[in-house]
Amino acid sequence: MNDITLKTTDLVCGYQPNCPLFDPVSLELRRGEITAILGGNGQGKTTLMKTLLGHHQPLQGQVAHAGEINFVPQRFDSAFSYSVIDMVLMGRANNIGLFSSPSHLDFQMAHQALDMLSIGYLAEHEFDRLSGGQQQLVLIARALATKCDVLILDEPTTALDLAFQSTVIELLYSLAKERNISVLFSTHEPAQAQLIADNILLIMKDKRCLTGNKRDILTEQNLTELYGVPIQKCQIRRDNGCYTTFLPYFGGFLGE
Ligand SMILES: Nc1ncnc2c1ncn2[C@@H]1O[C@H](COP(=O)(O)OP(=O)(O)OP(=O)(O)O)[C@@H](O)[C@H]1O
């Protein structure tokens, strides 16, 4: 069975023909799998996502996809003011139809999505007046309320407190494993990638793209090189098991 939902072949992205942001990258997203993109600020993660979505032309190479792609941006700026429930219903626009009003089922799915993120109480609030973290959760709820084959999220947890980071990471995992969709997300937190990703793309400072499974790519050596900060792999013991995570060391300036 061909379970590939999105594939890039020698894809190069950028804004000027002779200034590629990174070396050619070939990726395959499969149903039920999670891919995490890590790279320093300005290395081209968002540009890559925009190129996958067809919002930006590649400098070189191809993107092919089978099925619907849904995107959760870092931020959403609108000229108009919408209620939170309308924002989530907008995600269901394809299901609703051009001249129809949202059905009872549309409202039900939109409210369910808000409840999954524990923000049902914000339904009638104005989106513009929410905090950055609340807005980020609404954008994720909008994606949850919409059917898709590939879900792409640009740093979905940047504005979130630790409890909501945990909720969102768990949700991404269940979306991939239970709804069998491909999830691609960018993050500056190697621990998140370690916890839920199957595959990794690292965009290195010298523009090399390292791709492959988590075990091979998410290593102390690669991450330390990527961030220029010592990163240590650690085991955390919990009652029901032992978890692997990565911790950065910021204390170099204090001396040993
Ligand atoms: N519309 C644009 N026109 C020209 N250059 C752009 C444009 N948008 C982004 N860039 C540049 O492209 C580079 C990559 O930006 P991008 O937003 O893709 O990086 P990123 O890896 O997502 O960064 P961050 O982690 O900081 O969000 C940056 O140097 C940025 O200044």
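Residues numbered from 1 in each chain as written. Predicted model: local features only at pLDDT ≥ 70, side-chain atom pairs only at ≥ 80, totals over all residues. Heavy atoms only, no water.

1. Quick notes on unusual backbone geometry
Then step 1. The backbone phi angle of D10 is positive, close to 45 degrees, even though this residue is not glycine.
Then step 2. What makes D10 partly exposed here is its relative accessible area of 42%.
Then step 3. Positive phi is not limited to glycine here, since N180 has a value of about 60 degrees.
Then step 4. Among the secondary structure elements, N180 is positioned in the loop between α6 (162-179) and β9 (182-186).
Then step 5. With a relative accessible area of 37%, N180 lands in the partly exposed category. (Buried < 20%, exposed > 50% of the residue type's maximum accessible area, 1.4 Å probe, protein only. Helix = DSSP H or I, 4+ residues; strand = E, 2+ residues; numbered from the N terminus.)

2. Let's talk about the pattern of salt bridges
Then step 1. What the rule picks out here adds up to seven salt bridges.
Then step 2. Measuring nitrogen to oxygen at the nearest pair gives 3.0 Å for the salt bridge that ties R30 to E28.
Then step 3. On the basis of relative accessible area, E28 is assigned to the partly exposed category, the value being 31%.
Then step 4. For R208, the salt bridge goes to E225, with nearest N and O atoms at 2.5 Å. Residue R208 is found in the loop between β10 (199-203) and β11 (209-213), and its partner E225 is found in helix α9 (residues 220-227); the two are separated by 17 residues along the sequence.
Then step 5. Each of D3, K7, E28 and R30 takes part in one network of salt bridges that share partners. (Salt bridge = Lys/Arg side-chain N within 4 Å of Asp/Glu carboxyl O.)

3. Here we look at the side chain of D154
Then step 1. Within the secondary structure layout, D154 lies in the loop between β8 (150-153) and α6.
Then step 2. Buried charged residue D154 carries no salt bridge. Nearest counter-charge: K45, at 6.9 Å.
Then step 3. For D154, the contacting residues outside a window of four places in its chain are T46, M49, F71, V72, P73, Q74 and S186. (Lys, Arg positive; Asp, Glu negative; His and termini not counted. Contact = heavy atoms within 4.5 Å.)

4. A closer look at the packing of helix α5 (residues 132-144) against α6
Then step 1. Viewed as axis vectors pointing N to C, α5 and α6 meet at an angle of 15 degrees, and their least axial separation amounts to 12 Å. In terms of axis orientation, α5 runs roughly parallel to α6. Crossing geometry of α5 relative to α6 is assigned as left-handed. Across the interface between the two elements, L137, I140 and L144 of α5 pack against F164, V168, L171, L175 and R179 of α6.
Then step 2. Counted by class, the contact of α5 with α6 contains seven nonpolar, no polar and one charged residues. (Axes fitted to C-alpha atoms, helices over the stretch in contact; angles between N-to-C directions. Parallel < 35°, antiparallel > 145°, perpendicular 65-115°, else oblique. Left-handed = near helix turned anticlockwise from the far one by under 90°. Nonpolar A, V, L, I, M, F, W, Y, C, P; charged D, E, K, R; others polar.)

5. Details of the sheet that holds strand β4 (residues 25-30)
Then step 1. In space, the three strands of this open sheet follow the order β4-β1-β6, with antiparallel pairing throughout. The open sheet terminates on both sides in strands that have one partner only, identified here as β4 and β6 (60-65). Averaged over all adjacent pairs, the angle separating strand axes in this sheet is 5 degrees, with direction ignored.
Then step 2. Across five bridges, the pairing between strand β1 (residues 4-12) and β4 is antiparallel. When the sheet's bridge partners are listed, K7 is paired in β4 with E28. (Pairing = 2+ DSSP bridges.)

6. Comments concerning α9
Then step 1. Within α9 the residues assigned to the buried category are N222, L223 and L226. Buried residues in α9, looked at end-on, bunch into an arc of 95 degrees, giving them a common side.
Then step 2. Downstream of α9 by one or two residues, G228 has phi in the positive range, about 70 degrees. (Arc of directions from axis to C-beta.)

7. Concerning the domain arrangement of the chain
Then step 1. What the domain assignment lists for the chain is domain 1 (1-68 + 148-229) and domain 2 (80-146).
Then step 2. The centre of domain 1, based on its C-alpha atoms, is set 25 Å off from the matching centre of domain 2.
Then step 3. Listed as interface residues are 15 residues of domain 1 and, on the opposing side, 12 residues of domain 2.
Then step 4. For the domain 1 and domain 2 pair, buried surface summed over both sides reaches about 1,100 Å², with 67% attributable to carbon and sulfur atoms.
Then step 5. Along the contact surface separating domain 1 from domain 2 lie zero salt bridges.
Then step 6. Along the contact surface separating domain 1 from domain 2 lie five residue pairs in polar contact (both at pLDDT 80 or more).
Then step 7. It is α6 that contributes the most residues to the side of domain 1 that touches domain 2, six residues altogether.
Then step 8. In terms of residue class, the side of domain 1 that touches domain 2 is built from nine nonpolar, three polar and three charged. (Domains from an automatic or database assignment. Buried area = accessible area lost by both parts, 1.4 Å probe. Polar contact = N/O pair within 3.5 Å; in protein donor to acceptor, adjacent residues only side chain to side chain.)

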